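# Examination of the molecular architecture
Read off the chains here:
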Amino acid sequence: MIDRKTIKKEAKQMIRDYHYAPVVAAAIVLVISFVLGRLEDLVGHGNLFYSYAKAYAEIIGRLTDGVPYSDTYYDMMKQIPTTHMYNGNWGDFFGILVGLFTMILNGGFYLYCMEIRQRFNSSYETLLDGLGLAGKLIWCNILIAVRVFLWSLLFFIPGFVAVYRYRFAIYNILIDDRLSASDAIHLSCMQTRGLKGKLFALDLSFIGWILVSTLTFDILQIWLLPYMILSELAYFEEGQRRVGRIPYGGTIPPQEGDPWQTL
């Protein structure tokens, strides 16, 4: 039986046991993501903080008359300094590259957290291990996005459930290079049976921390991110056991009757 409070307490203890190394790893990931985001704004709009200014303008627009794209919003957007060298094609292309690299970087951070869960002496170099699985990570993320979108066309709830159904697909890719992206997604569907509600409850339990994080301009994310991932991995481990697999089995040779082979 999974106990959410015990799992979260264990995750916090792991962060302390490793002298807050997971916090440093998260800081590295978030700083890289922040820098890439600023470069994306610069390439696309000629302003390093364009996306922040745009978000601020939209908030003011909502507070003014409740209409996101109100006259107030447009007036403020006109005041954001941008260059006249904006090239939509280059901006979009660079944005796609940033998004793809972020997927890979996140994969490396997940691997780092997996090593912490196993009580290994993880190295920050692990953050780059996602590069070896770049193709599968990107394709798996694309397939998940497409499937969630298609389910969402039916109604909000099916799409919402699909997000949790495919929750462990990326983890499956990272620990077992035998799996294709489709295999990883189908395996996740099996692993999350009976766990989707528990995962939703886990997410809800972090709402307070997420709100506090926004008040710190997301600086608190350097602690919150490893805390959330280490907690979620406990559910992944349970999902693995439920389908008869070793939690972090890696590249175990295929065995007859292996659950994923029958998907």
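This structure is a prediction, so every number in the text was calculated from the model and none was measured. (Residues numbered from 1 in each chain as written. Predicted model: local features only at pLDDT ≥ 70, side-chain atom pairs only at ≥ 80, totals over all residues. Heavy atoms only, no water.)

The subject of this paragraph is the overall build of the chain. In terms of regular secondary structure, the chain is built from twelve helices and zero strands. Listing each helix as α and each strand as β along the chain from the N terminus yields α-α-α-α-α-α-α-α-α-α-α-α. Summarising the internal contacts of the chain: among those between residues at least 6 apart in sequence, 67% fall at separations of at least 24. (Helix = DSSP H or I, 4+ residues; strand = E, 2+ residues; numbered from the N terminus. Contact = heavy atoms within 4.5 Å.)

A few words on helix 9 (residues 181–191). A large share of helix 9 lies buried, amounting to eight of its eleven residues. Along helix 9, the residues that are buried comprise Ala 181, Asp 183, Ala 184, Ile 185, Leu 187, Ser 188, Cys 189 and Gln 191. Against the buried residues of helix 9 lie helix 6 (134–154), helix 7 (156–165), helix 8 (169–175) and helix 12 (221–242). (Buried < 20%, exposed > 50% of the residue type's maximum accessible area, 1.4 Å probe, protein only.)

Another point: the pattern of salt bridges. Under the definition given, this model contains ten salt bridges. With its nearest N and O atoms 2.8 Å apart, the salt bridge here joins Arg 167 to Asp 203. Within this pair, whereas Arg 167 is found in the loop between helix 7 and helix 8, its partner Asp 203 is found in helix 10 (residues 196–205), the two being separated by 36 residues in sequence. Each of the two residues, Arg 167 as well as Asp 203, counts as buried. Two residues, Arg 242 and Glu 238, come together in a salt bridge whose shortest N-O distance is 3.2 Å. (Salt bridge = Lys/Arg side-chain N within 4 Å of Asp/Glu carboxyl O.)

Relative to the assigned elements, Trp 90 resides in helix 5 (residues 88–117). When its relative accessible area of 55% is taken as the criterion, Trp 90 is described as exposed. Between the C-alpha atom of Trp 90 and that of Gly 44, which follows or precedes it by 46 residues, the distance is 7.0 Å.

A word on the nonpolar core. Residues Phe 109, Met 114, Cys 140, Ile 144, Leu 233 and Tyr 235 are the most contacted members of the largest nonpolar core, which totals 56 residues. Of all the elements, helix 12 adds the most residues to this core, at nine residues. In contact with Tyr 235, other than residues within four places in its own chain, are Ile 2, Arg 4, Ile 7, Phe 168, Leu 195, Lys 198, Leu 199 and Leu 202. (Core = buried A, V, L, I, M, F, W, Y, C linked by side-chain atoms within 4.5 Å.)

Here we take up the packing of aromatic side chains. Counted according to the given criterion, the structure contains 13 aromatic pairs. Residues Tyr 112 and Tyr 124 carry aromatic rings whose centres are separated by 6.0 Å and whose planes lie at 15° to one another, so their mutual orientation is stacked. Taken together, the residues span a long stretch of sequence, with Tyr 112 in helix 5 and Tyr 124 in the loop between helix 5 and helix 6 at a distance of twelve residues. Owing to a relative accessible area of 1%, Tyr 112 belongs among the buried residues under this scheme. Measuring from centroid to centroid gives 6.1 Å for Tyr 164 and Phe 200, while their planes differ by 85°, and the two rings are edge-to-face. Pair noted here: Tyr 164 is in helix 7 and Phe 200 is in helix 10, with a separation of 36 residues, a long-range link. (Phe/Tyr/Trp six-rings, centres within 6.5 Å; stacked < 30°, edge-to-face > 60°.)

On the surface, Trp 151, Leu 154, Phe 155, Phe 156, Ile 157, Phe 160, Phe 200, Leu 204, Ile 207, Ile 210 and Leu 211 cluster together into a nonpolar patch covering about 1100 Å² of accessible area. Listing elements by their share of the nonpolar patch, those giving two or more residues are helix 6, helix 7, helix 10 and helix 11 (207–215). Classification of Leu 154 as exposed rests on a relative accessible area of 61%. (Patch = residues over 30% accessible without salt bridge, like charges linked within 9 Å, V, L, I, M, F, W, Y side chains within 5 Å. Areas by Shrake-Rupley, 256 points an atom, 1.4 Å probe, with all protein chains shown as cover.)

On to the environment of Lys 196, then. Examined against the element boundaries, Lys 196 turns out to sit in helix 10. For Lys 196 and Ala 162, which are 34 residues apart along the polypeptide, the C-alpha to C-alpha distance reads 9.5 Å. Aside from chain neighbours lying at most four places away, what touches Lys 196 is Val 161, Tyr 164 and Arg 165.

Here helix 2 (residues 21–45) contains 25 residues, and its C-alpha end-to-end distance of 36 Å stays within 8% of the 36 Å for a straight helix at 1.5 Å per residue. Of the residues one or two after helix 2, Gly 46 is the one with positive phi, at around 75°. (Expected span 1.5 Å × (residues − 1).)

This part takes up the confidence of the model for the chain. Looking at the chain as a whole, the pLDDT averages 86, with 84% of positions reaching at least 70. For the stretch residues 250–255, pLDDT sits under 50, and the model shows ten contacts to residues farther than four places along the chain or on other chains. Low confidence marks residues 257–263, where pLDDT is under 50. Its contacts with residues over four positions away, or in another chain, come to 17 contacts. (pLDDT = per-residue confidence, 0-100.)

So, about the packing of helix 10 against helix 12. Orientation of helix 10 relative to helix 12, taken along the N-to-C sense of each, is 170°, at an axis distance of 11 Å. As judged from the angle between their axes, helix 10 and helix 12 are roughly antiparallel. For the pair helix 10 and helix 12, the contacting residues are Lys 198, Leu 199 and Leu 202 in the first and Ser 231, Glu 232 and Tyr 235 in the second. Looking at the contact of helix 10 with helix 12, its residues break down into three nonpolar, one polar and two charged. (Axes fitted to C-alpha atoms, helices over the stretch in contact; angles between N-to-C directions. Parallel < 35°, antiparallel > 145°, perpendicular 65-115°, else oblique. Nonpolar A, V, L, I, M, F, W, Y, C, P; charged D, E, K, R; others polar.)

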